[in-house]
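# Chain and residue survey
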Amino acid sequence: MDVVVPYIFALYPLLLAAAAIFCMYKANSHYWENWISFLLATSSVILFVYLTSPWVFISYYLRYLILVAFAVVVVYSYFKMILGISKVEEDDRTTKAVSVVSVVVFLVFIALNTFAIMSRYPSDNSVNVAFPFKSGSYYVLQSGNNFVTNPFHAMEDSNQATDIVKLNAFGNRALGISPSQLDSYAIFGDVIYSPCDGEVLLTRDDLPDNLPGDTDTVQPKGNYVLMKCNNTELLLVHLKQDSVKVNIGEMVDTGQALAEVGNSGNTIEPHLHISAMQDNKPVELVFDAQAVSINTIIKVSDK
């Protein structure tokens, strides 16, 4: 099943977007009210796909092509209606039923979109730290304070954690949807730099890196660095075997090398999982005063 997950993430935004575009294309009504209900419903679906889908499994840039395709279909549908090209084939009862379905779809997806937008505005007790990488374009795979943008962490103790991958030139995080080699993933082996001044509390780096698709559920964190910055504990996990460069009790400075990104622990592919705790409660992370959520891109260069 873990091998199939990347393909699900790659296909479902395309299928959902295609369904919305097809419904708008087939909108068959002479009535403004009914056409607008189709437009609102399909627009809310497209917005949801744009905001929350993990585009990095195919190409980040495809999300823009989806918007263009939808805009073209909306224009076509509009002129088809006002020029009277389409003919009403359903009776009034069917037409009203379609409108009701459209309203329900709109209400469901506008609620989900509201959650997605809210996740981009962190709470007052968020923690601002330095971004832990120095060169490249990085993509937030999931983050935020709700289940829409942070689904795999929402039910865990680290329910406000952030997962980060790296983009290649094609807007993907790897060479393909689910490559079998670790070095096919752009972030594998990238050096992780300390996001704050603090003390190293715990480390581990003896666990092997899983092959993509395999997981270690016995040691879910895998290799990790736990550090304390003022009143905040930061945990960085899924690190590369034998890559940790700091020792327990060591005081580290912001920007000091800590370890490298690996694929150890309960993870199907290389990425950095970073989370923060205060008084044993999870808090949101803000990087260099920038709030992040799914589909956020952070570009950095080591000057």
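Residues numbered from 1 in each chain as written. Predicted model: local features only at pLDDT ≥ 70, side-chain atom pairs only at ≥ 80, totals over all residues. Heavy atoms only, no water.

## Things to note about the pattern of salt bridges
- Under the defined criterion, the tally for this structure stands at five salt bridges.
- Close ionic contact of D206 with R204 constitutes a salt bridge, the shortest N to O distance being 2.6 Å.
- Among the residues examined, R204 registers a relative accessible area of 26% and is labelled partly exposed.
- One connected set of salt bridges, linked through shared partners, spans K240, K245 and E260. (Salt bridge = Lys/Arg side-chain N within 4 Å of Asp/Glu carboxyl O. Buried < 20%, exposed > 50% of the residue type's maximum accessible area, 1.4 Å probe, protein only.)

## Describing the state of the cysteines
- Applying the stated criterion across every chain yields a total of one disulfide.
- The side chain of C196 participates in a disulfide bridge whose partner is C229; the two sulfur atoms lie 1.7 Å from each other. With C196 in the loop between β4 (191-193) and β5 (198-204) and C229 in strand β6 (residues 223-229), the pair connects residues that are 33 residues apart, well separated along the chain.
- Judged by its relative accessible area of 9%, C196 is buried. (Disulfide = S-S within 2.5 Å. Helix = DSSP H or I, 4+ residues; strand = E, 2+ residues; numbered from the N terminus.)

## As for unusual backbone geometry
- Phi at N230 is positive, roughly 55°, even though this residue is not glycine.
- With respect to the helices, strands and loops of the structure, N230 is situated in the loop between β6 and β7 (232-239).
- Exposure remark for N230: the relative accessible area of 72% places this residue in the exposed category.
- The phi dihedral of A289 is positive, around 70°, even though this residue is not glycine.
- When you line up the elements, A289 lands in the loop between β12 (285-287) and β13 (290-291).
- Residue classification places A289 among the exposed residues on the basis of a relative accessible area of 63%.

## Let's talk about helix α3 (residues 62-82)
- Between its first and last C-alpha atoms α3 spans 31 Å; for 21 residues at 1.5 Å apiece the expected length is 30 Å, and the two agree.
- The inward-facing, buried residues of α3 abut α1 (5-26) and α2 (32-52). (Expected span 1.5 Å × (residues − 1). Contact = heavy atoms within 4.5 Å.)

On their own, these measurements won't tell you what the molecule is for.
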